[in-house]
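# Architecture and fold: a report
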Amino acid sequence: AGVLCGAATSVNIDNIHVFDAVINNEETGSTMIGGIAGQLTLYSKISSSSLTNLSINAPSSKNVGGIVGDMRTSASRVSGTVVGGTNVGGIVGTSRQSTISNSYADVDIVGKNTIGGIVGDATRGLVTTSYVKGTVTANEPSNWNGFCVGGVAGSLDSDWEQLTSDAAEPVISNTVVALSEIN
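Residues numbered from 1 in each chain as written. Predicted model: local features only at pLDDT ≥ 70, side-chain atom pairs only at ≥ 80, totals over all residues. Heavy atoms only, no water.

Looking now at the overall build of the chain. Counting its secondary structure elements, the chain contains 1 helix and 20 strands. Buried residues in the chain amount to 52% of all 183 residues. Total accessible area on the chain is roughly 8,200 Å²; 48% of this is exposed by carbon and sulfur atoms. (Helix = DSSP H or I, 4+ residues; strand = E, 2+ residues; numbered from the N terminus. Buried < 20%, exposed > 50% of the residue type's maximum accessible area, 1.4 Å probe, protein only. Areas by Shrake-Rupley, 256 points an atom, 1.4 Å probe, with all protein chains shown as cover.)

See the structure below:
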């Protein structure tokens, strides 16, 4: 679910600005909820876009993000409140092989687990030149990892091939975390 679309493939979303959006989802087990889009795949990109005074309330959902629930690339701005279940982030809920850059989040985030100020769960990706402020609160430990909560990412897995090379690229760079509280 998203203000613009639920899911899209191979799209370029540019210069979209949303004000005072409210997304409520009380369904158990729902996945992929974002301010602009629920899921973007296959080289989709969001750029030069913003959500102001966003409110997402999806306490039982997975992959919940201020901009997009599950995606590949982002460069945007969001302010407001994001409430989700697991894999909850201020910008992106779940990011796979993605770059999140030039993004800004001023959000209060609440969820069960795997919660990050910018991205909830990131695998083989990069977070660069981004800024987050607000609060991040997790209220339920996972079955295997305890609490996965972070200023940038709740869970961050690097590229395994890079780990074995002498020239591994950074996973997080040029990013500022100014959260007032992490619980």
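After presenting the structure, the write-up continues.
Another aspect to go through is the environment of Gly117. Here Gly117 is to be found in the loop between β13 (113–116) and β14 (119–123). Gly117 sits 20 residues away from Thr137 along the chain, and the two C-alpha atoms are 9.8 Å apart. Among residues more than four places away in sequence, those in contact with Gly117 are Gly89, Gly90, Ile91, Ala105, Val107, Ile109, Val132, Val136, Gly150, Gly151 and Val152. (Contact = heavy atoms within 4.5 Å.)

Let's shift gears to the nonpolar core. Within the largest apolar cluster, 38 residues are counted, with the highest numbers of intra-cluster contacts made by Leu40, Ile46, Ile67, Val68, Val78 and Ile91. When contributions to this core are tallied by element, the ones reaching two or more residues are β1 (5–9), β6 (37–41), β7 (45–57), β9 (68–83), β11 (92–101), β12 (104–111), β14 and β16 (131–138). (Core = buried A, V, L, I, M, F, W, Y, C linked by side-chain atoms within 4.5 Å.)

Time to look at the environment of Gly89. Within the fold, Gly89 resides in strand β10 (residues 86–89). The exposure class of Gly89 is buried, given its relative accessible area of 0%. The spacing of Gly89 and Ile118 is 29 residues in sequence and 5.2 Å in space, taken between C-alpha atoms.

Moving on, we come to the pairing of β14. Judged by how many residues are buried, β14 sits mostly within the fold: 4 of 5 residues are covered. Note that β11 and β14 share 4 bridges and pair parallel. Within the sheet, the bridge partner assigned to Val92 lies in β14 and is Val119. Bridge count between β14 and strand β18 (residues 153–157): 4 bridges; the pairing is parallel. Considered in β18, the bridge of Thr123 is made with Asp157. (Pairing = 2+ DSSP bridges.)

You can see Glu140 is positioned in the loop between β16 and β17 (149–150). Sequence separation between Glu140 and Gly111 is 29 residues, and the spatial gap between their C-alpha atoms is 7.9 Å. When near neighbours in sequence (up to four residues on either side) are disregarded, Glu140 contacts Lys112, Asn113 and Phe147.

What follows deals with the pattern of salt bridges. One pass over the full model with this rule turns up 1 salt bridge. Where Lys133 meets Asp106, a salt bridge forms, and the shortest distance between an N and an O atom there is 4.0 Å. Of this pair, Lys133 sits in strand β16 while Asp106 sits in strand β12, placing them 27 residues apart in sequence. (Salt bridge = Lys/Arg side-chain N within 4 Å of Asp/Glu carboxyl O.)

What follows concerns unusual backbone geometry. Even without glycine at this site, Ser10 takes up a positive phi of about 55°. Along the polypeptide, Ser10 turns up in the loop between β1 and β2 (12–14). Phi is positive for Asn102, which is not a glycine, with a value near 50°. Relative accessible area serves as the criterion here: at 51%, Asn102 is assigned to the exposed category.

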